[in-house]
Structures are given as structure tokens and as C-alpha cells.
Amino acid sequence: MGLYVGLDVSLKRTSVCVIDEAGKVVWRGTALTSVEALASVLNKQAPQAERIGLESGSMTPFLWHGLRLQGFAVVCLDARWAKKALSSNPVKTDANDAEGLAQLVRVGWYKEVEVKGMEAHRLRALLTGRQQLVQAKVSLINQVRGLLRPFGLVVQTGSGQSFSARVAELVAGDEVLTMVTETLVAAMADLEKRIEVLDKRLRAQAKGMTEVRRLMSVPGIGPITALAYRAAIDTPTRFAHSRDVGAYLGLTPKRYQSGEVDRDGSISKCGDHMARHLLYEAANVLLTSVSTWSSLKAWGMKLVRKVGPKRARAAVARKLAVILHRMWIEGTDFRHGKQPVAA
């Protein structure tokens, strides 16, 4: 008799529900949220389970990979999809959610999510760590600017001096402001050193990955953007068509259709926020700073004149996502295209 299992994962303990082919609960209980504890429970209660379902989440990667290595048929369910199905139950408990997930994998009414490899998650950890440090540095800069404004002191930009030198010059003679700004500026200097440590590691990572170096041949794509794209996609062959990558990264318009109403909205902004943001910034660089001609830039500039810069940047970002995937699949560098000859 086939058995199906639902795992409702939390930080400390995971609710487990085992059901049979008829949907009847065979066993329910909890286990520590670890591969070893869950494997022990599954080997005892459902050793030949047809499918074991758990939702996508922050704890999912290590559980999915660990249980797969133990030989269990684990599938990862889209949490948004599962939430809509589980919300029909008026009583929400971890036990009920685990049973609901088991029922979903039993009937096959779920959307499976691809779980990226642990190396992709390690790369993403490096990128996220750097991003957090950069955001902290920017936040400190803004804090210093805000602290000085009530005193009529404005830190000018583009004066040829470093930020710390400009601040020191403004607060000279004021003991309190000097102490506060020196402390914040020192923290910024420490953050800069730590950012540089991660930058060196990321540059080394980019240099050692053939596909990342190839992606960097696209105008506007630097090592950070290429690595973020690499971490977001992980396995390019999981996409049947390159155009699917644009939707995966949330760069295609939302659509609402019901009866007589049929309208397109702004981009969906689903998927990897970091990769989408960096592609958008790369599109902006391509359209505004890159002087080398390419068919992609020419296409983007036509869009700027037609729909405005904001929509054009989003469209070029989607195009970049598609082109990068095609280059990765085919193992080719970026082709600028043939520039039209002026009449």
C-alpha cells in the first residue's frame, strides 16, 4: 500500500503526517528539524513512501538534499501554491498543515519547486553578506548626513575630498559632533575593509568559473551581477526555453483576466530579488554609460524613446536574462551584432 508524507517544517520541530492511498491518516507526530531525526521517523513509519512533501522555505535546502541522499522521494512544494490550498481548512495547526501537504502530494495537486544545489546557496551567502555590508555603509552615510543637517551643516558631494574629510572639516571645533561623526566614520571604514575582503573572494570566484567569465562579456554585466545570476539560475537546463528565465526572475508583466476584464500590470517581481535588481541596474548602465554599439543597446534606446526609460530598463533587463541564459546553454560569448551602415 502506497504511503504519502507531509512535513510542516519549523525551526525546532517538524510535524509529520503519513497517509495511505485513500487519504486516511496512518500516523502523525513530530520530530526534531534535522535530517537524521526525520530520516529515523520516516524509516520507521513510512520506509517506502511514494512521495514526501515539504514547502519551499529557508530550511528547505538542507532537508531536501539530506533526505534525498538518504533515498527518500522528497518533493518541494511552492509555498504560495500550498498556502492557497491549505487556507481552505478553518483550523490552522502544524499537524493539519502536515496532513494537508500529504494530501497534496497524494493527489498530485501541487507545483513543484526546483531546489538549488548547496554550492549555489554558498555563493548566494557570499553575495548576501556583501549586500548587507554595503547597505549598512550606505545607512551610516545617510545617518551622518541627517545628524548634521539640524546644525545647518550639509555634506557636499563631488568636492574632490573623501566623505570622512568633508565631514571632519564641517564639524571642526564642535566637540560633540566631532566625537559622534568620528565614531560613525570609523565604523564605515571598518565596513569598507570587510566589503573589500568579500569583493576579493567574489572576484576570485568569478575568475574561476568559465560560465561567469562568459556572462561578463555582456556590456554592463560585472562580476557581482554575473555571480548573482549564476546563483539564481544554478542549473540552466531546467528551463525548457530561455524566455522562461524572464518570468522566473519576475521581469515579465502581471496579467489579470476575468470575464470582460483583461489587463496587464507592472512586472511581477517574483523570484530572486537580488538578481532582478542587478539586471535592472545592468540595463541602466548599458543604456546610459556603455558607449560601444550593440544590437541590444540599439533596441533598448528605441524603447526609451517609445515607452520611456523606466519601462525600457525593465524590458532590457528581461532581455539580458534571456540572452545570458542562451549564452550559458550554448557556451558562447556575447555577440554585439552587425551595426547598420549609414546611407
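The structure this text deals with has already been given above.
Residue numbers here run from 1 along each chain, matching the order of that chain's written sequence. Per-residue local features of the predicted model are confined to residues with pLDDT of at least 70, and side-chain atom pairs are confined, for both listing and counting, to 80 or more; whole-chain, interface and lining totals are unaffected and use all residues. Excluded from the side-chain calculations are hydrogens and water; all other atoms, namely the structure's heavy atoms, are used.

(A) Spotlight on the overall build of the protein chain. For helices the rule is a DSSP run of H or I covering at least 4 residues; for strands it is a run of E covering at least 2, with both sets numbered from the N terminus onward. Secondary structure assignment for the protein chain yields 13 helices and seven strands. Computed over C-alpha atoms, the radius of gyration of the protein chain comes to 26 Å, more than 25% over the 20 Å expected from 2.2 N^0.38 for 343 residues, which places it beyond the range of a compact globule. Only heavy atoms matter for contacts: two residues are in contact if any of them lie within 4.5 Å across the pair. Restricting to contacts in the protein chain with at least 6 residues of sequence separation, those with at least 24 account for 58%. In the form shown here, the protein chain has an accessible surface area of approximately 19,400 Å², with 53% of it arising from carbon and sulfur atoms. Taking the average location of the 49 positive side-chain charges in the protein chain and that of its 31 negative ones, the two points are 6 Å from each other. Here the radius of gyration uses the C-alpha set of atoms, whereas the globule reference equals 2.2 Å times the residue count to the power 0.38. The Shrake-Rupley method, run with a 1.4 Å probe sphere, supplies the accessible areas, and residue values consider only the shown protein chains as cover. By the counting rule applied here, Lys and Arg register as positive and Asp and Glu as negative, while His and the ends of each chain are not counted. Taken as the charge location is NZ of Lys, CZ of Arg, CG of Asp or CD of Glu.

(B) Focus on the pairing of strand β2 (residues 13-20). Accessible area is worked out with a 1.4 Å probe on protein chains only. A residue is then buried under 20% of its type maximum, exposed over 50%, and partly exposed in between. Extensive coverage of β2 is indicated by the burial of seven of its eight residues. Alignment of strand β1 (residues 3-9) against β2, held across seven bridges, turns out to be antiparallel. Paired with D8 across the bridge in β2 is S15. For two strands to be treated as a pair, DSSP must find at least two bridges joining them. Where β1 folds back onto β2 in an antiparallel hairpin, the turn is made up of three residues.

(C) Here's a closer look at the layout of surface pockets. Taken as a whole, the largest pocket holds about 920 Å³ of empty space. Around the largest pocket, the lining comprises 28 residues; the ones closest to its centre are V113, E114, K116, Y248 and G271. Every element with two or more residues in the lining of the largest pocket is listed here: α2 (60-69), α5 (118-148), α9 (223-233) and α10 (244-248). The biggest single contributor to the lining of the largest pocket is α5, with three residues. The residue makeup of the lining of the largest pocket, split by class, is 11 nonpolar, eight polar and nine charged. Points on a 1 Å grid over protein atoms alone make up a cavity when a 1.4 Å probe fits among them but cannot get out, and a pocket when they form an open set with protein on both sides within 12 Å along at least five of seven lines; lining residues each have an atom within 4 Å of a point. Grid points are joined across faces, edges and corners, and a volume is the space filled by probe spheres set on the points. Looking at the second largest pocket, its volume works out to about 570 Å³. Taken together, 18 residues line the second largest pocket, and the ones lying closest to its centre are S266, I267, K310, R311 and A314. Contributing elements (two or more residues each) for the lining of the second largest pocket: β7 (261-267), α11 (273-288), α12 (295-307) and α13 (309-330). By residue number, the principal contributor to the lining of the second largest pocket is α13, which donates five residues. Amino acids outside the nonpolar list (Ala, Val, Leu, Ile, Met, Phe, Trp, Tyr, Cys, Pro) and the charged list (Asp, Glu, Lys, Arg) are all regarded as polar, and Gly is one of them. Of the residues in the lining of the second largest pocket, the class split is eight nonpolar, four polar and six charged.

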